[in-house]
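# Descriptive analysis of the structure
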Amino acid sequence: MSESRTPSIEVRNVSKWFGSVVAVNDVSFQVQPGITGLLGPNGAGKSTILHMITGKSSASEGEVTVLGQQARDNPELYRSVGVMSEHEAVYAFYTGREFVEFAARLHSLDPTDEAVDRAIGLVGLEDAQQRKLGTYSRGMKQRMRLAAALVHDPQVLILDEPLNGTDPRQRLEFHDAMTKLAEQGKTILISSHILEEVETLASTILLMVSGKLAAAGDFRAIREKLDEQAYKVRVVTDSPRRMAAALVGVDDIDSVSIGGEGELTVLSRNVGTLQRSIPRLAQENGIRLMRVEPLDDSLESIFSYVVDR
Amino acid sequence: MGTIFGLSIRQLTGKWRILLILFLAALPVGLAVIVNLTVSGDATFNEDFTNILLDGMLVAGILPIVTMALATSAFGNELEDKTLGYLVLMPVARWRIVLPKVLASLVICGPLLVVSGVVATLLGFDGEIRPAIAVAVSLTAGVFAYATIFTWAGLITTRALPFALVYVLLWEGVTSSFIPGVDYLSVRGYTLAIMSGLDESSFPALEDRVIELPAAIGGAVVVTVLFLLLGVRRLRRMDVP
């Protein structure tokens with residue numbers, strides 16, 4: 001992550017404990033404009049960190065600032081910050097439009113109609129806005145909650161599990177909306193357990209495990225830094241045993257295993273060796289290569305690796 | 001503030017809650033009708049009416065219970081439903097969140113309780129205006145004080161209703177009966193003292209057991225302001241779920 005610009009969000013040596021339970025342990029990071037994903041298994045401390053960033057709770061130690069201001073006990077900050085918390089409860093007696101108008105009025109927007117129309121349009125719920133929220137599906141409630149968080153056009157958007165209950169089409173629309181906002185220079189921090197969505201959306205990842213920041217940055221850069229973990233590649237050929245025998249003799253190849261349907265799983269700490277050896281050996285031995293596929297070039301594998309480490 | 005006030009009114013005026021409050025508010029009136037028809041000529045009627053209906057039923061019972069039912073829910077429901085975030089994550093000063101919540105409780109239960117007390121008093125005192133006014137003013141003071149205490153209670157504990165009941169029954173009910181001076185720290189004490197102080201001649205039964213009128217007025221004001229400030233302080237410092 002670049003630290004040359006003033007960060008939109010800065011978390012400095014932050015810890016939070018509840019009695020004897022340490023939920024967040026000496027975490028520091030900065031969030032710049034663009035989309036940042038906050039990932040981690042249940043109990044990692046993601047929501048606790050987000051609560052401190054949004055000012056809903058205080059840090060036991062350390063400091064949290066948003067747009068250069070303290071996050072806690074600073075209601076004026078919310079003029080520039082939009083928050084969608086992980087709780088999905090809404091005021092069921094409001095219509096969708098009334099709910100967004102409610103948010104607009106609390107932001108002192110005047111007139112409210114234009115901002116409300118724009119926010120509801122962003123989430124694509126124009127047709128349902130006059131219905132009571134109590135009649136909405138889970139995904140619709142999420143979208144209307146997002147509209148309420150966006151109605152005042154905040155500079156910083158903090159979203160905790162925004163994709164809960166949404167279908168693939170809605171996720172795509174969400175992806176497009178977030179990308180457009182990021183292109184406008186907004187800062188968006190998304191906490192999600194849907195790894196593939198964060199992978200395609202976020203340019204920067206913050207990975208929390210057991211209350212600590214386990215990794216931060218572009219996910220491929222994170223992966224490359226984990227050089228003690230061997231790269232894993234699946235190789236499918238028309239002659240798996242001959243291919244395996246050829247690979248075993250190569251330095252830097254850690255292991256070769258033959259799985260079902262003749263698939264080889266090859267481990268090596270040197271990705272360059274893998275990239276050069278496989279096609280060369282296939283050609284030298286007259287073996288037809290049908291597929292070569294990295295098995296851990298994904299956020300999920302990094303997530304699993306870091307969590308299990 | 002109007003936005004949050006409107007939200008709170010909607011949250012607190014559920015059908016069953018309103019029906020319960022109406023029923024409770026009607027009880028003193030109903031009882032006043034019955035006693036007026038049956039025993040109004042008795043020599044001890046005035047004393048019994050004051051002690052049993054006005055104090056025992058209305059001030060000690062219905063006033064705190066009705067206020068409690070509303071005021072503890074003002075924030076209690078938001079915390080339970082986890083919707084408080086929609087208020088605190090807004091550029092709204094905390095007092096502009098607490099005050100409309102308190103006012104919403106007042107606006108719903110205050111007029112009902114005051115009307116109930118006034119009508120019951122008019123029935124019990126043969127239509128005399130002065131005791132009715134004394135009852136109206138004293139109940140208003142009591143509603144204000146209870147509303148701020150119980151709204152604060154809704155912020156500090158998820159068990160605000162039992163907390164409020166313990167306060168009313170143990171502190172104001174039992175303790176004040178045995179320990180002199182507790183009435184100086186009791187909303188019930190302030191309410192009865194204001195009632196008696198504004199019309200001593202109508203409430204001789206209260207004369208010997210209530211605190212001084214200035215102390216009662218001062219106490220009611222201090223308690224109201226103090227618990228309003230405590231509620232604001234609590235909202236500023238608490239971790240919001």
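What you are looking at is a predicted structure, and each value in this text was computed from that prediction instead of being measured. (Residues numbered from 1 in each chain as written. Chains lettered and ligands numbered in written order. Predicted model: local features only at pLDDT ≥ 70, side-chain atom pairs only at ≥ 80, totals over all residues. Heavy atoms only, no water.)

### Concerning the overall build of chain B
Which entries qualify depends on this criterion: Each helix is a run of DSSP H or I of at least 4 residues and each strand a run of E of at least 2, with the numbering of both proceeding from the N terminus. The size measure is the radius of gyration over C-alpha atoms, and the globule rule it meets is 2.2 Å times the number of residues to the 0.38 power. Throughout this description, buried means an accessible area under 20% of the type-specific maximum (1.4 Å probe, protein chains only), exposed means over 50%, and partly exposed covers the range between. Whether two residues touch is decided by their heavy atoms; if any such pair falls within 4.5 Å, the residues are in contact. The charged-residue count follows a simple rule in which Lys and Arg add positive charge and Asp and Glu add negative charge, with His and chain termini not counted at all. Where a charge sits is defined by one atom per residue type, namely NZ (Lys), CZ (Arg), CG (Asp) or CD (Glu).
For chain B, the count of helices and strands is 10 helices and zero strands. Counting helices and strands in the order they occur from the N terminus, chain B gives α-α-α-α-α-α-α-α-α-α. By the compact-globule yardstick of 18 Å for 241 residues, chain B fits well, its C-alpha radius of gyration being 18 Å. Across its three principal axes, chain B shows a C-alpha extent of roughly 60 × 40 × 25 Å. Buried residues in chain B amount to 51% of all 241 residues. Considering only residue pairs separated by 6 or more positions, chain B has 75% of its internal contacts joining residues 24 or more positions apart. Averaging the coordinates of the 15 positive side-chain charges in chain B and doing the same for the 17 negative ones gives two points 21 Å apart.

### So, the overall build of chain A
For clarity, the threshold we go by: The method behind every accessible area is Shrake-Rupley, applied with a 1.4 Å probe, and residues are considered shielded solely by the protein chains displayed.
When its secondary structure is counted, chain A shows 10 helices and 14 strands. Burial analysis of chain A (309 residues in total) assigns 53% to the buried set. Long-range pairs, those at least 24 residues apart, make up 67% of the contacts in chain A between residues at least 6 apart in sequence. As displayed, chain A has an accessible area near 14,000 Å², and 46% of this comes from carbon and sulfur atoms.

### Comments concerning the sheet that holds strand β4 (residues 61-66) of chain A
All names here are of chain A. So the rule is basically this: At least two bridges found by DSSP between two strands are what make those strands a pair.
Taken together, four strands build an open sheet; the order of strands is β2-β1-β4-β5 and the sheet is antiparallel. Edge strands, defined here as strands with exactly one partner in the open sheet, are β2 (21-31) and β5 (69-70). By the bridge criterion, five bridges tie strand β1 (residues 9-18) to β4 in an arrangement that is antiparallel. Of the residues in β4, the one forming a bridge with Ile9 is Val66.

### Section: helix α3 (residues 113-122) of chain A
Residues and elements named next belong to chain A. The test is simple: Throughout, the arc means that of the directions going from the helix axis to the C-beta atoms.
Listed in full, the buried residues belonging to α3 are Ala115, Val116, Ala119 and Ile120. Seen end-on, α3 carries its buried residues on one side only, within an arc spanning 125 degrees. Looking at the packing, one finds that the buried side of α3 touches α2 (96-106) and α4 (138-150). With its phi angle positive at about 70 degrees, Gly124 sits one or two positions after the end of α3.

### A look at the packing of aromatic side chains
Test applied: Pairing of aromatic side chains requires ring centres within 6.5 Å, counting the rings of Phe and Tyr and the six-membered ring of Trp. Pairs whose planes differ by under 30 degrees are stacked, by over 60 edge-to-face, and all others tilted. Remark: a charge is flagged as sitting over a ring if the NZ atom of Lys or the CZ atom of Arg is within 6 Å of the ring centre and within 35 degrees of the ring normal.
Enumeration according to the criterion identifies 14 aromatic pairs over all chains in this entry. Ring geometry for Tyr91(A) and Phe93(A): centres 5.9 Å apart, planes at 25 degrees, overall stacked. Overall, Tyr91(A) belongs to the buried group, its relative accessible area being 3%. Judged by its relative accessible area of 24%, Phe93(A) falls in the partly exposed class. Taking the centre distance of 6.5 Å and the plane angle of 75 degrees together, the rings of Phe150(B) and Tyr167(B) count as edge-to-face. In this pair, Phe150(B) sits in helix α6 (residues 129-156) while Tyr167(B) sits in helix α7 (residues 160-178), placing the two residues 17 residues apart along the sequence. Pairwise contacts between aromatic rings join Tyr91(A), Phe93(A), Tyr94(A), Phe99(A), Phe102(A) and Tyr86(B) into one cluster. For the cation-ring pair, Lys101(B) lies above Phe75(B), with the distance from its terminal atom to the ring centre recorded as 5.7 Å.

### Quick look at the interface of chain A and chain B
Often, the extent of an interface is quoted as the loss of accessible area upon association of its parts. Our working definition: Accessible surface is computed with a 1.4 Å probe, and the buried area is the amount of it that two parts give up when combined, taken over both parts together. Here, a salt bridge means any side-chain nitrogen of Lys or Arg that lies within 4 Å of a carboxyl oxygen of Asp or Glu.
Taken together, the 29 residues of chain A in the interface contact 24 residues of chain B. Approximately 2,300 Å² of surface area, both sides summed, lies buried where chain A meets chain B, with 61% of it carried by carbon and sulfur atoms. Three residues stand out in chain A for area buried against chain B, namely Lys56(A), Tyr91(A) and Leu106(A), and they jointly supply 28% of the buried area on that side. Where chain A meets chain B, there are four salt bridges.

### A few points about the sheet that holds strand β8 (residues 187-191) of chain A
Residue and element names in this part refer to chain A. The condition that has to hold: The axes used here are C-alpha line fits, helices contributing only the stretch in contact, and every angle between their N-to-C directions lies in the interval 0 to 180 degrees.
Pairing within the open sheet is mixed, and its six strands lie in the order β6-β7-β8-β3-β9-β10. Strand pairing shows two members of the sheet lacking a second neighbour, β6 (81-84) and β10 (212-217), which therefore form its edges. Averaged over all pairs of adjacent strands, the angle between their axes in this sheet comes to 15 degrees, without regard to strand direction. Where strand β7 (residues 156-160) and β8 come together, five bridges link them in parallel fashion. Its bridge partner lying in β8, Leu157 is registered against Ile188. Sheet contacts for helix α1 (residues 46-53): β3 (34-39), β7, β8 and β9 (204-209); angle to β7, the most-contacted strand, approximately 150 degrees. Packed on one face of the sheet, helix α5 (residues 168-183) meets β3, β7 and β8 and runs near 145 degrees to β8.

### Considering α7(B)
Just so we agree on the cut-off: Expected helix span is computed as 1.5 Å times (number of residues minus one).
Taking 1.5 Å of rise per residue, the 19 residues of α7(B) would be expected to cover 27 Å, and the 26 Å separating its terminal C-alpha atoms lies within 8% of that figure. Turning to α7(B), its buried residues number three or more, namely Ala160(B), Ala164(B), Tyr167(B), Val168(B), Glu172(B), Thr175(B) and Ser176(B).

### Looking at the pairing of β1(A)
Residue and element names in this part refer to chain A. One ladder, built from seven bridges, connects β1 with β2; its direction is antiparallel. When the sheet's bridge partners are listed, Phe18 is paired in β2 with Val21. In this antiparallel pair of consecutive strands, β1 and β2, the connection spans two residues, and Gly19 shows a positive phi of 65 degrees.

### Quick notes on unusual backbone geometry
Cis peptide bonds are those with omega within 30 degrees of zero, and the linkage from Asp110(A) to Pro111(A) qualifies with 0 degrees. Checked against the element boundaries, Pro111(A) lands in the loop between α2 and α3. Phi is positive for Ser108(A), which is not a glycine, with a value near 60 degrees. Considering the arrangement of structural elements, one finds Ser108(A) in the loop between α2 and α3. A relative accessible area of 52% places Ser108(A) in the exposed class. A positive phi angle, close to 55 degrees, is found at Asp126(B), a residue other than glycine. Inspection of the secondary structure assignment puts Asp126(B) in the loop between α5 (95-124) and α6. Assessed through its relative accessible area of 69%, Asp126(B) is described here as exposed.

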